Amino acid sequence: MEVPVSYQKAKVGPPAKPGLAKVELLFGAGESPALRLFQPRALAGRALVAFAALLALTLMLAPVGALAQEFRGTVSGTVADPTGAVISGANVTITNVNTGAVSKTTSDASGQYVVPFLLPGEYSIHVSVAGFQELTRNGITLHAQEHPIINLKLEIGQETQSVTVTEAAPQLDLANASVGSVISTASVADLPLNGRTPTTLSELSPGVITTAAPQQIHPFDNNAGNSWSIGGTPNQVSEVLLDGSPDLTLLGALAYAPTQDSVSEVSVRPFDTDASFGHTIGGVINQVTKSGTNSLHGSAYEFGQISGIDANTYFNDRNNKPTPTFHF
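Residues numbered from 1 in each chain as written. Predicted model: local features only at pLDDT ≥ 70, side-chain atom pairs only at ≥ 80, totals over all residues. Heavy atoms only, no water.

Quick word on the overall build of the protein
Keep this limit in mind: Working definition: helices are DSSP H or I runs of at least four residues, strands are E runs of at least two. Numbering for both runs from the N terminus. Throughout, exposure labels follow a simple rule: accessible area from a 1.4 Å probe, protein chains only, divided by the maximum for the residue type, with under 20% read as buried, over 50% as exposed, and the rest as partly exposed. Every residue pair with non-hydrogen atoms within 4.5 Å of one another is taken to be in contact. The accessible surface values rely on the Shrake-Rupley method and a 1.4 Å probe; as for residues, cover is taken only from the protein chains in view.
Within the protein, the regular secondary structure consists of 3 helices and 18 strands. Buried residues in the protein amount to 33% of all 328 residues. Counting only contacts in the protein whose residues sit at least 6 apart along the sequence, the fraction spanning at least 24 positions is 59%. With an accessible surface of roughly 19,500 Å², the protein has 59% of that area assigned to carbon and sulfur atoms.

Observations regarding the sheet that holds strand β8 (residues 121-128)
Quick note on the threshold: At least two DSSP bridges between two strands are required for those strands to pair. Convention adopted: a line fitted to C-alpha atoms gives each axis, helices being fitted over their contacting stretch, and angles between N-to-C directions are expressed from 0 to 180 degrees.
Strand order across the open sheet formed by 5 strands is β6-β5-β8-β9-β11, with mixed pairing between neighbours. Of all the strands in the sheet, just β6 (102-106) and β11 (162-166) have a single pairing partner and so form its edges. Neighbour-to-neighbour, the strand axes of this sheet turn through a mean angle of 20°, independent of strand direction. Two elements, strand β5 (residues 91-96) and β8, share 6 bridges in a ladder whose sense is antiparallel. Across the sheet, the residue bridging to N91 is S128, located in β8.

Structural notes on the sheet that holds strand β7 (residues 112-118)
Strands sit in the order β7-β4-β10 across an open sheet of 3 strands; the sheet is mixed. If you trace the sheet from one side to the other, it starts and ends with β7 and β10 (152-153), each paired once.

Here's the deal with the nonpolar core
Operational definition: In plain words, nonpolar cores are sets of buried Ala, Val, Leu, Ile, Met, Phe, Trp, Tyr and Cys residues tied together by side-chain atoms within 4.5 Å.
Within the largest apolar cluster, 20 residues are counted, with the highest numbers of intra-cluster contacts made by V79, Y113 and I125. When residues of this core are traced back to their parent elements, those giving at least two are β4 (73-80), β5, β7, β8 and β9 (134-142). Those residues in contact with I125 that lie beyond four places of it in its chain are V75, V92, T93, I94, Y113, L135, T136, R137, I140, I150 and L152.

Examining the layout of surface pockets
Threshold: Both cavities and pockets are sets of points on a 1 Å grid over the protein atoms alone; in a cavity a 1.4 Å probe fits but cannot get out, in a pocket the set is open with protein on both sides within 12 Å along at least five of seven lines, and lining residues sit with an atom within 4 Å of a point. Grid points are joined across faces, edges and corners, and a volume is the space filled by probe spheres set on the points. When residue character is reported, Ala, Val, Leu, Ile, Met, Phe, Trp, Tyr, Cys and Pro are called nonpolar, Asp, Glu, Lys and Arg charged, and the others, Gly included, polar.
The computed volume of the second largest pocket comes to approximately 340 Å³. Lining the second largest pocket are 22 residues, and of these N98, P120, G121, T185 and S264 lie nearest its centre. When contributions to the lining of the second largest pocket are tallied by element, the ones reaching two or more residues are β8, β9, β17 (263-271) and β18 (284-289). Grouping the amino acids of the lining of the second largest pocket by side-chain chemistry returns 5 nonpolar, 13 polar and 4 charged.

Describing the pairing of β18
The element β18 is extensively covered by neighbouring structure, given that 5 of its 6 residues are classed as buried. With 4 bridges joining them, strand β15 (residues 239-242) and β18 adopt parallel strand pairing. Along β18, the bridge assignment pairs L241 with N286. Both β17 and β18 contribute to a ladder of 6 bridges, which runs antiparallel. Following the sheet pairing, E265 is matched in β18 by V288.

Some points on the environment of I230
Looking at where I230 falls in the secondary structure, it is placed in strand β14 (residues 228-230). Between the C-alpha atom of I230 and that of S202, which follows or precedes it by 28 residues, the distance is 9.5 Å. Sequence-distant contacts of I230, that is, excluding residues within four places in its chain, are made with G207, V208, S238, P270, G282, G283 and I285.

Right, here's the structure in full:
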């Protein structure tokens, strides 16, 4: 026999303060009371606003881990007179020869000057201060992530007099303990590339060994462009950058390989001590693309190989397949 159960509702009236939850107590005959919690619209609205603010903060902080590592160079040094005494307040101007971009600074009380964030390229340094002859130093080649220390010595004289020195920057990077090499612009342009993919030039650097089979590597062949071991590390665990930005997929494959004509240099650091490059257990490879200049220029190419004098692969010979035609 079923006995109908009648429920009674005991209400705990409206909240004493806005934003507090309203509670209803439900109980029936022979049953334990049950609580039901209600949130007023004001509290729900506040929770929605808090969630939206937290989501916005998360989105703003999420890209921090994907920021580009600094690939630009820095030039620093000391400004001194013929006796070696430092000169403070000297005006130092560094000019990019190709683009005309100018960076200015002054030497501090200890005669030191620092000019950071310089793109790879050819530079000249001009320094002037009252009571000394102006000095211009040309022929300075700055590569990616380099920090040459260039000391400037001024001769006593009038500012209308000037001294011009043409020489290369020092070969030793005294401000950085990282070990690496740079495949220069001339090497990228002149060395033969099997497929016109500049990343393959990384194999010319000490400590880099390819793990791919001998084959043609095109710029659009993603996986093959990152098949090497750097400093004894496994395959596809090194950081590959494009102008300082990560250029890898989630699985460690090369995401994008620019063509030979658009790359200025390839920087290879099998053993890097820079703390900004932490997303790797191996080395760091950075492709630096060419920048614009004050003159109109461009290039066009057609790549092809003569199949009649090319050797066929082992598997093609075994399967009686002709030598493939390479042309793009």
